[in-house]
Amino acid sequence: GQSLEQPSEVTAVEGAIVQINCTYQTSGFYGLSWYQQHDGGAPTFLSYNGLDGLEETGRFSSFLSRSDSYGYLLLQELQMKDSASYFCAVRDNYGQNFVFGPGTRLSVLP
Amino acid sequence: ETGVTQSPTHLIKTRGQQVTLRCSSQSGHNTVSWYQQALGQGPQFIFQYYREEENGRGNFPPRFSGLQFPNYSSELNVNALELDDSALYLCASSLGGDDYEQYFGPGTRLTVT
């Protein structure tokens, strides 16, 4: 079967750096994506890793290690508006199924 | 560029009834995926349609069915509603069946009583 694990909650202060980890077990693997969802809102795409290594997009970076079935999302220079839930997601089963993790709720404190 | 839209925003149904939810894809996108999101959980993949054909299905019973139309809009139909079907239903569009970047609509909040 497929499963993803993430920490349920993370708390940090404005201006800090936070890392949200994701480990996965899938029957196939076609890349790891990250989505942000504010309360009452829709998920929005943040980042994608198809190959091992680091992808950087502004204040957000994402890392993947396929040999370790592990990835993380790194958020730098935290702002209050970054308070949201963050989901990792994988494609598996020959790329036809999307599996989302349970989500990590990030609280940014002043 | 028009984003993903869904209707209705909220819906209340009785157990055993049937419901149809609608989604309009982002302009130019030919793939739509549907998800069920229970409170405090991640979205659960229901199925995906690519150019009007089902292109993948998650672990949902056959009473969850869908359609995609030539203009790439889509419907999710749920028959014989159960209390556990109460959730936020999200559709997401993408360009191509294997596109990792999906654009989500605001969702339909379904309550089954």
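See the structure printed just above.
Only a predicted model underlies this, so the values are computations on that prediction, with no experimental measurement involved.

Undergrad: Before we move on, could you go through the overall build of chain A and cite the residues and values that matter?
TA: For chain A, the helix and strand inventory stands at zero helices and eleven strands. Taken from N to C terminus, the helices and strands of chain A fall in the order β-β-β-β-β-β-β-β-β-β-β. Since a compact globule built from 110 residues should have a radius of gyration of about 13 Å, the 13 Å found for chain A is in line with a globular shape. Oriented by its inertia axes, the alpha-carbon framework of chain A measures out at about 45 × 30 × 20 Å. Looking at chain A alone, contacts between residues at least 24 apart form 56% of all its contacts between residues at least 6 apart. When the accessible area of chain A is evaluated, it comes to approximately 5,200 Å², of which 47% is carbon and sulfur surface. Where the 5 positive side-chain charges of chain A centre and where its 11 negative ones centre are 6 Å apart.

Undergrad: Can you lay out the nonpolar core for me, pointing to particular residues and giving the numbers?
TA: Within the largest apolar cluster, 22 residues are counted, with the highest numbers of intra-cluster contacts made by Trp34(A), Leu75(A), Tyr86(A) and Leu106(A). Counting only elements with at least two residues in this core, the list comes to β2 (9–13), β3 (18–25), β4 (32–37), β7 (60–65), β8 (70–75), β9 (84–92) and β11 (104–109) of chain A. Not counting residues up to four positions away in its chain, the partners in contact with Tyr86(A) are Gln6(A), Ile20(A), Tyr35(A), Gln36(A), Leu46(A), Phe60(A), Leu73(A), Leu75(A), Gly103(A), Thr104(A) and Leu106(A). Counting residues in hydrophobic clusters, the runner-up holds 19 residues, among them Cys23(B), Leu81(B), Tyr89(B) and Val112(B).

Undergrad: I'd like a description of the interface of chain A and chain B, backed by residues and values.
TA: Across the boundary between the two partners, chain A contributes 16 residues, which contact 23 residues of chain B. With both sides pooled, the region where chain A packs onto chain B buries about 1,500 Å², and carbon together with sulfur makes up 56% of that total. Where chain A touches chain B, the interface holds zero salt bridges. Across the contact surface, chain A and chain B share three residue pairs in polar contact (both at pLDDT 80 or more). Where the side of chain A that touches chain B is concerned, the elements lending two or more residues are β4, β5 (44–49), β9 and β10 (97–100) of chain A. Residue classes in the side of chain A that touches chain B are distributed as nine nonpolar, six polar and one charged.

Undergrad: Tell me about unusual backbone geometry, and name the residues and values.
TA: Residues and elements named next belong to chain B. In this structure, Pro8 follows Ser7 across a cis peptide bond, with omega equal to -10°. Within the fold, Pro8 resides in the loop between β1 (5–7) and β2 (10–13). In this model, Tyr72 sits at a positive phi of 75°, which is unusual for a non-glycine residue. Relative to the assigned elements, Tyr72 resides in the loop between β7 (64–68) and β8 (74–78). Phi at Ala80 takes a positive value of approximately 45°, unusual for a residue other than glycine. Mapped onto the elements, Ala80 comes out in the loop between β8 and β9 (87–94).

Cut-off values and rules
- Residues numbered from 1 in each chain as written.
- Chains lettered and ligands numbered in written order.
- Predicted model: local features only at pLDDT ≥ 70, side-chain atom pairs only at ≥ 80, totals over all residues.
- Heavy atoms only, no water.
- Helix = DSSP H or I, 4+ residues; strand = E, 2+ residues; numbered from the N terminus.
- Rg over C-alpha atoms; globule rule 2.2 N^0.38 Å.
- Contact = heavy atoms within 4.5 Å.
- Areas by Shrake-Rupley, 256 points an atom, 1.4 Å probe, with all protein chains shown as cover.
- Lys, Arg positive; Asp, Glu negative; His and termini not counted.
- Charge placed at Lys NZ, Arg CZ, Asp CG, Glu CD.
- Core = buried A, V, L, I, M, F, W, Y, C linked by side-chain atoms within 4.5 Å.
- Buried < 20%, exposed > 50% of the residue type's maximum accessible area, 1.4 Å probe, protein only.
- Buried area = accessible area lost by both parts, 1.4 Å probe.
- Salt bridge = Lys/Arg side-chain N within 4 Å of Asp/Glu carboxyl O.
- Polar contact = N/O pair within 3.5 Å; in protein donor to acceptor, adjacent residues only side chain to side chain.
- Nonpolar A, V, L, I, M, F, W, Y, C, P; charged D, E, K, R; others polar.

In short, geometric facts, not functional conclusions.
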